[in-house]
Structures are given as C-alpha cells and as structure tokens.
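Spelled out, the chains give:
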Amino acid sequence: MVVHPHRHLRVDVYSFYVFEGSFWQGGGWEHLEVCSSFQELDASVAYYVRTGSWAAGGTFLIRVYCHGKLLVERDLDPFLTVKVPGLTSMRSSEDLRASGGLPEPGGRYDGMDEGTIWDVLPGDMYEIALESPEDIQVSIDWDSLALPELASPTLPPRVGVILDGRELEYGRNSTLDGCI
C-alpha cells in the first residue's frame, strides 16, 4: 500500500527504487531511500558513502519494485568505486575482495597498514564529508549493474510506501540524517 499525506493509494500501481545501506552490529544505523530516478539513486548512494557508513560494511543494495512487486535486488559493492583523499581509488570485486585503497605517497595514510587504515577511514570520511563532501568521489558503474528501467507509472514525490509492514516516505528515511 502507498501512503499519501491526505489519502491512501495502492502500491501495486507504481514502480520505484529503494536503496538500503545499513549496519546493525553493536547498535547500528539504517539508511533507506525511496526514489523514482537514477539521479536520486546516485545521490542517495553518494550521501551514504560520504557519511563513512559504507566503510563499516553491512547491507549495501538496491531493490527495484515494478508495480509494487520486488523485481530485482542487487548488491552495490562490486559496482562502486570510491576515491578518498590520501588513498588510491577503492573497488570491491564480485567476491567482495577490495582492490585499491592503498596509501598515496605523502598522504595522511602513508605508512599505515591496511587494518589501521580501515579502523580510521569511517571517521575520516565523516570529517571530510563535513568540510567538503565533494572531495570524496563516488561513482557507480550503472551499465554493469544493469538495473531494469522503471515501468510507468513511477512513484510520484511526496507519496510514501509501506513495505514489509514499514511506512517509508518518498526520499530519505535514515537514522544518519544530520550526520553531514
């Protein structure tokens, strides 16, 4: 079921995307975004990565709903490239083994071992995101991710959805709000 502030509509009418980034070990957080375009999806993923939350691991996926039914669920890790100042570009492979993320000579991480880098990276990303989020470069290989196009009609802005008994607003639904 779709929820509108003034009326209830049926979710089986609309198609939409849901991005989820979450981590629950030791308390955790959750970032869900309901949207109807690749641009919104791209901005949501970039926001989540730039908070430093992505570096902690956990769930990192996109779900595609067609007329209210789950059509596709894809993990984003193998399609994401992140460049943080002081490290080479990082990318996960299909088996989730990371490549890149090596210290650049003279940078903040120069001389640190991999474990230390990953211990400090989430906090560093948060600090960078507060000061200049565009310094954290986030790109998704949308062609390889190969998400299906949304069938018409797409979920309009200001209309929420109820998925698995949870009411989600169109846009950001996040315990990370206010982080950056």
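Residues numbered from 1 in each chain as written. Predicted model: local features only at pLDDT ≥ 70, side-chain atom pairs only at ≥ 80, totals over all residues. Heavy atoms only, no water.

Undergrad: Sorry if this is basic, but what is going on with the overall build of the chain here?
TA: Counting its secondary structure elements, the chain contains three helices and 13 strands. In the chain, which comprises 180 residues, the share counted as buried stands at 46%. Excluding contacts between residues fewer than 6 apart, the proportion of contacts in the chain whose partners are at least 24 apart in sequence is 60%. Split by element, the accessible area of the chain, about 9,300 Å² in all, is 50% carbon and sulfur. (Helix = DSSP H or I, 4+ residues; strand = E, 2+ residues; numbered from the N terminus. Buried < 20%, exposed > 50% of the residue type's maximum accessible area, 1.4 Å probe, protein only. Contact = heavy atoms within 4.5 Å. Areas by Shrake-Rupley, 256 points an atom, 1.4 Å probe, with all protein chains shown as cover.)

Undergrad: Can you help me understand the pairing of strand β10 (residues 137-140) in this one?
TA: Regular strands place their side chains on alternate faces of the sheet. Burial along β10 is one-sided: Val-138 and Ile-140 are buried, while Gln-137 and Ser-139, pointing the other way, are not. In this sheet, β10 lies alongside strand β7 (residues 80-83) in antiparallel orientation, the contact comprising four bridges. Counterpart to Lys-83 in the pairing with β10 is Gln-137. (Pairing = 2+ DSSP bridges.)

Undergrad: Got a minute to help me understand helix α2 (residues 114-131) in this structure?
TA: Given 3.6 residues per turn, any residue in an α-helix points the same way as the ones three and four places further on. A rise of 1.5 Å per residue sets the reference length of α2, with its 18 residues, at 26 Å; its end C-alpha atoms lie 25 Å apart and thus fit the reference within 8%. Most pronounced at Leu-121, the bend in α2 amounts to some 45 degrees, and the proline Pro-122 follows within four residues. Among the residues making up α2, those that are buried are Ile-117, Leu-121, Asp-124, Met-125, Ile-128 and Ala-129. Put simply, Asp-113 is the residue that caps the front of α2, since its side-chain oxygen is 3.0 Å from the backbone nitrogen of Gly-115. (Expected span 1.5 Å × (residues − 1). Bend = angle between axes of the 7 residues up to and from the residue. Polar contact = N/O pair within 3.5 Å; in protein donor to acceptor, adjacent residues only side chain to side chain.)

Undergrad: Is there a simple way to think about the nonpolar core in this case?
TA: Most often, soluble globular proteins keep nonpolar side chains buried together rather than apart. In this structure, Phe-16, Ile-62 and Val-84 are the most contacted members of the largest nonpolar core, which totals 43 residues. The set of elements that each furnish at least two residues to this core consists of β3 (16-23), β4 (29-35), α1 (38-50), β5 (59-66), β7, α2, β10 and β11 (160-163). If we ignore the near neighbours within four places in the chain, the residues touching Val-84 are Met-90, Tyr-109, Leu-121, Met-125, Ile-128 and Ile-136. (Core = buried A, V, L, I, M, F, W, Y, C linked by side-chain atoms within 4.5 Å.)

Undergrad: Would you mind showing me how to read the environment of Leu-147 here?
TA: With respect to the helices, strands and loops of the structure, Leu-147 is situated in the loop between α3 (142-145) and β11. For the pair Leu-147 and Val-72, spaced 75 residues apart in sequence, the C-alpha to C-alpha distance is 7.8 Å. When residues no more than four places from it in sequence are discounted, the contact partners of Leu-147 are Tyr-17, Phe-38, Leu-41, Ile-62, Val-64, Arg-74 and Trp-142.

Undergrad: Before we go on, may I ask you to explain unusual backbone geometry in this structure?
TA: Leave glycine aside and you will find that most residues have negative phi; peptide bonds, for their part, are mostly trans. Cis geometry marks the peptide bond from Ser-152 to Pro-153, where omega comes out at -5 degrees. Tracing the sequence through the fold places Pro-153 in the loop between α3 and β11. The backbone of His-67 shows a phi angle near 50 degrees, a positive value even though the residue is not glycine. Here His-67 lies in the loop between β5 and β6 (69-75).

Undergrad: What exactly am I supposed to notice about the packing of aromatic side chains here?
TA: To describe a pair of aromatic rings, one takes the distance between the centres and the angle between the planes. Summed over the entire model, instances satisfying the criterion amount to six aromatic pairs. Ring centres 5.7 Å apart and planes at 70 degrees place the aromatic pair Phe-19 and Tyr-48 in the edge-to-face group. You can see Phe-19 sitting in strand β3 and its partner Tyr-48 sitting in helix α1, a full 29 residues away along the chain. For the pair Phe-19 and Tyr-48, a shared accessibility class is recorded, and that class is buried. What makes Phe-19 buried here is its relative accessible area of 0%. Residue placement shows Arg-172 over the ring face of Tyr-47; its charged tip is 3.7 Å from the ring centre. (Phe/Tyr/Trp six-rings, centres within 6.5 Å; stacked < 30°, edge-to-face > 60°. Lys NZ or Arg CZ within 6 Å of the ring centre and 35° of its normal.)

Undergrad: Sorry, what's going on with α1 here?
TA: The first and last C-alpha atoms of α1 sit 18 Å apart over 13 residues, in line with the 18 Å expected at 1.5 Å per residue. Listed in full, the buried residues belonging to α1 are Leu-41, Ser-44, Val-45, Ala-46, Tyr-47, Tyr-48 and Val-49.

Undergrad: Honestly, the pattern of salt bridges in this entry has me stumped. Any pointers?
TA: Pairing is possible between side chains of opposite charge, provided their charged atoms come close. Tallied over the entire structure, the rule returns seven salt bridges. Measuring nitrogen to oxygen at the nearest pair gives 2.9 Å for the salt bridge that ties Glu-30 to Arg-166. With Glu-30 in strand β4 and Arg-166 in strand β12 (residues 166-168), this residue pair connects regions lying 136 residues apart in the sequence. By relative accessible area, which is 14% here, Glu-30 ends up buried. Where Glu-104 meets Lys-83, a salt bridge forms, and the shortest distance between an N and an O atom there is 3.1 Å. With Glu-104 in the loop between β9 (98-100) and α2 and Lys-83 in strand β7, this pair connects stretches of sequence that are 21 residues apart. Residue classification places Glu-104 among the partly exposed residues on the basis of a relative accessible area of 26%. In this structure Lys-83 comes out as buried when scored by relative accessible area, which is 18%. The network of salt bridges with shared partners includes Glu-20, Arg-63 and Glu-73. (Salt bridge = Lys/Arg side-chain N within 4 Å of Asp/Glu carboxyl O.)

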